[in-house]
Amino acid sequence: QSTQSLKGKTVLITAGPTYEALDPVRFIGNHSSGKMGYSLAEEAANRGAQVILISGPSAEKTNNQNIQLHRVVSAKEMFDKVFENYENADIAIASAAVADYAPKEIAQEKIKKNDDSLTIELVKNPDILKTMGERKTKQFLVGFALETQNEEENAKGKLKKKNLNMIVLNSLRDEGAGFKGGTNKIKIITESSLTEFSLKSKTEVAKDILNFVEEQILK
Ligand code: C5P
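Residues numbered from 1 in each chain as written. Predicted model: local features only at pLDDT ≥ 70, side-chain atom pairs only at ≥ 80, totals over all residues.

As recorded in an unreviewed UniProt entry, the chain goes by the name Coenzyme A biosynthesis bifunctional protein CoaBC, listed as coming from Kaistella carnis.

A. A look at the sheet that holds strand 13 (residues 193–196). Taken in spatial order, the eight strands of this open sheet run 5-4-1-6-9-10-12-13, and their pairing is mixed. Lying at the two open borders of the sheet, with one neighbouring strand each, are strand 5 (67–71) and strand 13. In this sheet, neighbouring strand axes are inclined to one another by 15° on average, regardless of whether the strands run parallel or antiparallel. (Pairing = 2+ DSSP bridges. Helix = DSSP H or I, 4+ residues; strand = E, 2+ residues; numbered from the N terminus. Axes fitted to C-alpha atoms, helices over the stretch in contact; angles between N-to-C directions.)

B. Molecular detail of the UniProt feature "binding site: CTP" (unreviewed entry) in the chain. The feature "binding site: CTP" (unreviewed entry), as given by UniProt, occupies Asp100, Lys110, Pro126, Asp127, Ile128, Leu129, Phe144, Lys158 and Lys162 in the numbering adopted here. Spatial dispersion of the annotated residues is evident: they stretch over 63 residues in sequence, and the largest pairwise C-alpha distance comes to 37.8 Å. Looking at the secondary structure, you find Ile128 in helix 3 (residues 128–134). Sequence-distant contacts of Ile128, defined by excluding residues within four places in its chain, comprise Thr14, Met78, Phe79, Val82, Ala94 and Val98. Along the polypeptide, Lys158 turns up in helix 4 (residues 151–161). Given 21 C-beta atoms within 10 Å, Lys158 falls into the buried group. Excluding residues that lie within four positions of it along the chain, Lys158 makes contacts with Gly143, Ala145 and Ile167. (UniProt positions renumbered as here; feature names shortened; annotations may be inferred. Contact = placed C-beta atoms within 7 Å. Buried ≥ 20, exposed ≤ 12 C-beta atoms within 10 Å, placed from the backbone.)

C. Structural context of the environment of Ile186. Within the fold, Ile186 resides in strand 12 (residues 186–190). As a C-alpha pair, Ile186 and Leu159 span 27 residues in sequence and 15 Å in three-dimensional space. Apart from the residues within four sequence positions on either side, Ile186 is in contact with Val168, Leu169, Asn170, Phe197 and Val205.

D. Seen up close, the site of the ligand. As a structural note, the neighbourhood of the ligand is formed by 13 residues, with Ala94, Val98, Ile128, Leu129 and Gly143 the closest of them. Only helix 3 and strand 9 (140–147) provide two or more residues apiece to the shell around the ligand. For the shell around the ligand, the element with the highest residue contribution is strand 9, accounting for three residues. Across the shell around the ligand, the residue classes tally to eight nonpolar, three polar and two charged. (Near = placed C-beta within 6 Å. Nonpolar A, V, L, I, M, F, W, Y, C, P; charged D, E, K, R; others polar.)

E. The arrangement of helix 1 (residues 35–46) in detail. For helix 1, spanning 12 residues, the distance from its first C-alpha to its last is 16 Å, which sits close to the expected 16 Å at 1.5 Å a residue. The element helix 1 is largely enclosed, with a buried count of 11 among its 12 residues. Burial in helix 1 covers these residues: Lys35, Met36, Gly37, Tyr38, Ser39, Leu40, Ala41, Glu42, Glu43, Ala44 and Ala45. Elements in contact with the buried residues of helix 1: strand 1 (10–15), strand 4 (50–55), strand 5, strand 6 (91–94), strand 11 (183–184) and helix 5 (202–218). One or two positions beyond helix 1, positive phi appears at Gly48, with a value near 95°. (Expected span 1.5 Å × (residues − 1).)

What follows is the structure in structure tokens.
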């Protein structure tokens, strides 16, 4: 593809984990590094896209002129930032590992250790990607699925349920795949296709994903 193959396109990307506060010093989070999302952002920007990167807490950095970075902490903050920007997006890629649940209440003061057990009530977070699917107008919508069982079946289910154009499946069972390291091994699923890729660096995986998106858009 030409290096400016995404010129004129706005690409919205979510990346990283979310942190759901328990009290002023503690949170519920996950091991997502944000690497996949940042790699996608760099690659899309290199192809000439205007990138809006909405990132949870991640050690990744960018100084690409074509990337507008918004840092958020919680799923709710990510939700709000996404929908401030969603309307303008031509392509939206949800690679963030959003916490499914958040503590019902955030304690004002640090929770003390008194009793032998502590119960925390969790409530469901908004599903950002599902809402993007519901509000879809022109967007080409890409989701991720990280599954530990019945991977393909579950991913296909999500494709439908969330009204996606494609879903990227990474399996925790594959060595070197998933959300922590620098490599990934993916399958791309659309309504009518399943394509398997070999294990590669997330930079290379980002190229595969965007090549696929471009092919689908031009079809
Ligand atoms: O349903 P599940 O969480 O496995 O779906 C994963 C996909 O949905 C990922 O693309 C993730 O970024 C997105 N997601 C989201 N908001 C949530 C949960 C997941 O955008 N609250």
